[in-house]
Amino acid sequence: MQYQPDHSVLKDKIILVTGAGDGIGKEAALTYAQYGATLILLSRTLSKLESVQEEIITSGGQQPMLYPLDLLTATENDFQQFADTLVKRFPHLDGVLQNAGLLGVVEPIINQPSNLWHDVMQVNVNATFMLTKALLPLMLKAPHASLILTTSSVGRQGRYGWGAYSVSKFATEGFMQVLNEEYKESTLRINCINPGGTRTAMRASAFPDENAQMLKTPKDLMPLYLYLMSDDSIDVKGQSLDAQPGRKAGPAE
């Protein structure tokens with residue numbers, strides 16, 4: 001989409017990004033900071049978060065809060081401790097981008113390892129639920145908070161070999177719809193973004209023979225991520241939006 005707001009569109013907004021160490025999460029963090037937001041960056045690897053933090057500060061953004069957490073092993077208590085930490089530092093949360101995710105393997109169901117299936121569900125579904133549950137009170141304190149979940153085309157139409165990842169994204173779509181129904185009378189808005197095929201490490205592991213130069217970069221997708229996090233999208237609720245409308249699913253051609 002063509003969205004070019006004023007550079008202060010996110011000024012004074014407090015935004016959490018998960019999976020902020022690389023790929024789309026990193027680019028979203030850099031973009032939100034560029035437009036004035038105060039960031040909370042969550043990822044498994046502290047060194048990656050520190051690298052993003054340095055980029056933000058070097059570019060003139062506000063110093064973000066870093067919170068390393070492994071979503072695969074984190075418990076409900078861990079997520080509540082994180083929320084309790086935020087309560088001590090921030091009055092509310094204006095936005096949450098749940099970007100972190102696990103691919104698993106691209107194999108037929110019969111070849112999907114049960115332990116890896118469990119891991120994908122734990123990161124993509126269970127951790128999303130537990131983190132959202134812990135953060136809802138903080139988001140509801142904001143004037144107009146935005147929760148963005150990450151979906152996929154294989155979360156709308158099942159496709160051969162996408163197994164656990166596909167099923168987890170169907171769950172994400174359902175989770176968004178249920179939350180939207182529960183909070184549609186509030187000022188909290190909940191939406192999904194399907195980034196589409198993007199030049200990231202996760203994409204490369206799914207399509208190792210693909211020509212990555214044919215793919216959009218994370219930066220190319222940022223107008224939609226920025227729009228949904230800004231007050232310009234206050235009336236957009238319960239939507240599953242494509243960052244690359246009209247893109248054909250599958251390897252880049």
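Residues numbered from 1 in each chain as written. Predicted model: local features only at pLDDT ≥ 70, side-chain atom pairs only at ≥ 80, totals over all residues. Heavy atoms only, no water.

**Considerations on the overall build of the protein chain**
Next, step 1: Secondary structure summary: the protein chain contains 7 helices and 7 strands in total.
Next, step 2: Listed by position from the N terminus, the elements making up the protein chain come as β-α-β-α-β-α-β-α-β-α-β-α-α-β.
Next, step 3: Taken over the C-alpha trace, the protein chain has a radius of gyration of 17 Å; the compact-globule value for 253 residues is 18 Å, and the two agree within 12%.
Next, step 4: Referenced to the eigenvectors of the C-alpha coordinate spread, the extents of the protein chain come out at roughly 50 × 40 × 40 Å.
Next, step 5: Scored against the burial criterion, the 253 residues of the protein chain give a buried share of 49%.
Next, step 6: Long-range pairs, those at least 24 residues apart, make up 73% of the contacts in the protein chain with a sequence separation of at least 6. (Helix = DSSP H or I, 4+ residues; strand = E, 2+ residues; numbered from the N terminus. Rg over C-alpha atoms; globule rule 2.2 N^0.38 Å. Buried < 20%, exposed > 50% of the residue type's maximum accessible area, 1.4 Å probe, protein only. Contact = heavy atoms within 4.5 Å.)

**Brief notes about the packing of aromatic side chains**
Next, step 1: Applying the stated criterion across every chain yields a total of 3 aromatic pairs.
Next, step 2: Judged by centre distance (4.4 Å) and plane angle (45°), the ring pair of Tyr 67 and Phe 82 falls under tilted. Highlighted residues: Tyr 67 in strand β3 (residues 65-68) and Phe 82 in helix α3 (residues 76-89), separated in sequence by 15 residues.
Next, step 3: The class for Tyr 67 is buried, based on a relative accessible area of 19%. (Phe/Tyr/Trp six-rings, centres within 6.5 Å; stacked < 30°, edge-to-face > 60°.)

**Some points on the packing of helix α1 (residues 23-34) against helix α2 (residues 46-58)**
Next, step 1: Across the interface, α1 lies against α2 with an axial gap of 10 Å and an inter-helix angle of 25°. Considered as vectors, α1 and α2 are oriented roughly parallel to each other. The handedness of the crossing between α1 and α2 comes out as right-handed. Here Lys 26, Ala 29, Leu 30 and Ala 33 of α1 come into contact with α2, specifically with Val 52, Glu 55 and Ile 56.
Next, step 2: Taken together, the residues of the contact of α1 with α2 sort by class into 5 nonpolar, no polar and 2 charged. (Axes fitted to C-alpha atoms, helices over the stretch in contact; angles between N-to-C directions. Parallel < 35°, antiparallel > 145°, perpendicular 65-115°, else oblique. Left-handed = near helix turned anticlockwise from the far one by under 90°. Nonpolar A, V, L, I, M, F, W, Y, C, P; charged D, E, K, R; others polar.)

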